[in-house]
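# Coordinates in review
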Amino acid sequence: KDSRFISTISTITILGIALGVCVVIIALTVLDGFQKIVTEKIINLNYHIKISSFGKRNLPDEPEILSLIKNQFPIDIEKIDPFVSKLAIIKSKKLTEGITITGLKKESFNIILKNYIVEGKISDNNNDKIILGKKLAEKLFVKVGDKITLFSLKHDQIPSPENPPSIMQFQVEGIFESGMADYDDLNAYISFQSAQELFGMQNEISGYNIKLKNISNINSIADKLQDLLGYPYYVQTVFNIHQNIFTWLELQKEPIPIILGLIIFVATFNVVGTLLMIVLERTNAIGILRSLGASRKLILRVFLLHGIYLTVSGLILGNILAFILSMIQQNFDVISLPEKIYFVTKVPLFITMNNYLLVSIITFAVSVIASIIPAFVASRIQPTSAIRFD
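Everything in this summary refers to the structure shown in the same document. (Residues numbered from 1 in each chain as written. Predicted model: local features only at pLDDT ≥ 70, side-chain atom pairs only at ≥ 80, totals over all residues. Heavy atoms only, no water.)

### Regarding the overall build of the protein chain
Condition: Secondary structure elements are taken from DSSP: a helix is a run of H or I of four residues or more, a strand is a run of E of two residues or more, and numbering for both begins at the N terminus. For the radius of gyration, the atoms used are the C-alpha atoms, and the globule rule reads 2.2 Å times the number of residues raised to 0.38. Each residue is assigned to one of three classes by its accessible area relative to the maximum for its type, calculated with a 1.4 Å probe on protein chains only: buried under 20%, partly exposed between the two thresholds, exposed over 50%. For accessible areas, the Shrake-Rupley method is used with a probe of radius 1.4 Å. Any residue's cover is judged against the shown protein chains and nothing else. Under the counting rule used here, the positive set is Lys and Arg, the negative set is Asp and Glu, and His together with the chain ends is not counted. Here the site of a charge means NZ on Lys, CZ on Arg, CG on Asp, or CD on Glu.
For the protein chain, the helix and strand inventory stands at 15 helices and 12 strands. A compact globule built from 390 residues should have a C-alpha radius of gyration of about 21 Å, whereas the protein chain, at 32 Å, is more than 25% larger. Principal axes of the C-alpha set define a box for the protein chain whose edges measure 110 × 50 × 35 Å. Residues counted as buried form 45% of the 390 residues belonging to the protein chain. Accessible surface for the protein chain amounts to roughly 20,500 Å². Of this, 61% is attributable to carbon and sulfur atoms. The distance from the centre of the 37 positive side-chain charges to the centre of the 33 negative ones in the protein chain is 10 Å.

### Considerations on the environment of Q193
Under the convention used in this document: Whether two residues touch is decided by their heavy atoms; if any such pair falls within 4.5 Å, the residues are in contact.
With respect to the helices and strands, the residue Q193 is situated in helix α6 (residues 192-198). Looking at Q193, the relative accessible area reads 45%, which means it is partly exposed. Along the primary structure Q193 and N127 are separated by 66 residues, whereas in three dimensions their C-alpha atoms are 7.0 Å apart. Among all residues touching Q193, those that are not within four sequence positions of it are K105 and N127.

### Some points on the pairing of strand β1 (residues 49-53)
Formally: Two strands pair if DSSP finds at least two bridges between them.
Across the 5 residues that make up β1, a large majority, 4, are buried. Of the pairings in the sheet, the one linking β1 to strand β11 (residues 207-212) comprises 3 bridges and is antiparallel in character. Bridged to I49 within β11 is I210. The pairing of β1 with strand β12 (residues 233-237) spans 5 bridges and is classified as antiparallel.

### Here we look at the packing of helix α10 (residues 256-281) against helix α14 (residues 353-379)
Here is the rule we go by: Interaxial angle, 0 to 180 degrees, is taken between N-to-C directions of lines fitted to C-alpha atoms, where a helix line uses only the stretch in contact. Throughout, the term roughly parallel applies to angles under 35 degrees, roughly antiparallel to angles over 145, roughly perpendicular to angles from 65 to 115, and oblique to all others. In this scheme the handedness of a crossing depends on how the near helix is turned from the far one: anticlockwise by less than a right angle means left-handed, clockwise means right-handed. Each residue receives one of three labels: charged for Asp, Glu, Lys and Arg, nonpolar for Ala, Val, Leu, Ile, Met, Phe, Trp, Tyr, Cys and Pro, and polar for the others, Gly being one of them.
Between α10 and α14, the least distance of the axes is 9 Å, while the angle of their chain directions is 30°. Classed by the angle they form, the pair α10 and α14 counts as roughly parallel. The crossing of α10 and α14 is right-handed. Judged by residue contacts, L260, I264, A267, T268, V271, V272, L275, L276 and V279 of α10 engage V359, I362, T363, V366, S367, A370, S371, P374, V377 and A378 from α14. Its residues assigned to classes, the contact of α10 with α14 shows 15 nonpolar, 4 polar and no charged.

### Comments concerning the packing of aromatic side chains
Which entries qualify depends on this criterion: Classification of ring pairs uses Phe, Tyr and Trp, with its six-membered ring standing for Trp, and accepts pairs whose centres are within 6.5 Å; under 30 degrees between planes counts as stacked, over 60 as edge-to-face, and the remaining range as tilted.
For the coordinates displayed, the defined rule picks out 4 aromatic pairs. Relative to Y231, the ring of F54 has its centre 5.7 Å away and its plane inclined at 20°; by these criteria the two rings are stacked. Highlighted residues: F54 in the loop between β1 and β2 (59-60) and Y231 in the loop between α7 (218-229) and β12, separated in sequence by 177 residues. Residue classification places F54 among the partly exposed positions, given a relative accessible area of 34%. With a centroid separation of 5.8 Å and 65° between ring planes, the pair formed by F176 and Y189 is classed as edge-to-face. Of this pair, F176 sits in strand β8 (residues 166-176) while Y189 sits in strand β9 (residues 187-191), and the two are 13 residues apart along the sequence.

### Description of the pattern of salt bridges
When their charged atoms lie close together, side chains carrying opposite charge are able to pair. Using the following cut-off: The salt bridge criterion pairs a side-chain nitrogen of Lys or Arg with a carboxyl oxygen of Asp or Glu, the two atoms within 4 Å.
Enumeration over the complete set of coordinates arrives at 7 salt bridges. Notably, a salt bridge pairs D81 with K79, separated by 3.5 Å at the nearest N-O pair. A relative accessible area of 8% places D81 in the buried class. Linking D128 and K129 is a salt bridge whose minimum nitrogen-to-oxygen distance equals 3.1 Å. In this structure D128 comes out as partly exposed when scored by relative accessible area, which is 40%. Judged by its relative accessible area of 19%, K129 is buried.

### Focus: the pairing of β8
Among the 11 residues of β8, 8 are classified as buried, and the element is accordingly described as predominantly covered. As judged from the 3 bridges shared by strand β5 (residues 117-120) and β8, these two strands associate in the antiparallel manner. Paired with I117 across the strands is F176, a residue of β8. When strand β6 (residues 129-133) meets β8, the two strands line up parallel, connected through 5 bridges. What sits directly across from G133, in β8, is F176.

### Quick notes on the nonpolar core
Our working definition: Side-chain atoms within 4.5 Å link the members of a nonpolar core, which is a set of buried Ala, Val, Leu, Ile, Met, Phe, Trp, Tyr and Cys residues.
Counting 44 residues, the largest nonpolar core has I49, I51, I69, I101, I130 and L132 as its most contacted members. Setting aside chain neighbours within four positions, we find I49 in contact with Y208, N209, I210, L212, I218, I221, A222, L225, V235, Q236 and T237.

### Focus on helix α11 (residues 283-291)
As a reminder of what qualifies: What the arc describes is the spread of directions from the helix axis to the C-beta atoms.
Buried within α11 we find T283, I286, G287 and R290. Buried residues of α11, seen end-on, are gathered within an arc of 100° and therefore sit on one face of the element. Taken from the residues just after α11, G293 is the one with a positive phi, measuring 110°.

Geometry only, nothing functional implied.
Structural data, given as structure tokens:
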């Protein structure tokens, strides 16, 4: 303890372990946050299962299909509604843009958009009303109460004198913001009846939206639905539809074991290096202890305890630092992100004790095991050689 050099090296070692642990914990916290918030938004902005047709052709609006599905899955299905969804052109006074128009039943508006409305509202009578994403509204320079015009193909056919394009005017009733820039930029919602009229789909629909009571068995229900309905019905889960996003989330976690391994390696190297330096610095003292009767086990225990001290100090400091930085980001949004790349506007965090415990336990175990090497070297020093060591 009277060596300033050894004290400095020990401090550097503790800081190295703390920084490494802090970085890995924050990385895991951010990845869990990304997965949680993106998954929640995608699931909340979509129904759990979508039934459409192969080739995106129209389906007949048959009440018998609804009854069949409800009767086959009375326990699993919470709600099922038909929908209409097609591409259209939206025009304001200043800009024209291509978007996806989705027509929903009145109840479906509340299920999908209620929690994301930032301006305006969802009214009961919305036949001539439209709800836009915030990015789309900003691009079109429109606000709640403004008028916009929609242009679309009728009956999915090229316009002709006999089949002119459909043109309808709507009033902006509400603006939603999901936090996913691409979604807010490309989607708009109108009533189910207005969508059927706009696209010339009387007695036709694009498919059915199904909301489940529990999504844990979503894949098995989707498979059973496909077997039940057969061709031309095409059953997809929300995870299939947005597979690229969920694959991206999974790929982000792939490098984590490598990063965790490298951080732990650096921390272990610091502990081993520090203990070996202490062995060299204290060789004379070790020789004196050995000559006074100290056993090899005692010397081994002394250095192991010092390795544990360094590791635990670094772990405590690293955990505290990681928690403080996480809380700062969570409360003050210090770091922002480009929406079009990451689907969110700020770094999402999901603080869980599992990440703290996982990183701490692995780092502690590896560091303590590595401490055995310099401790063993110290315990093997011969008393006579050590006393003469200069």
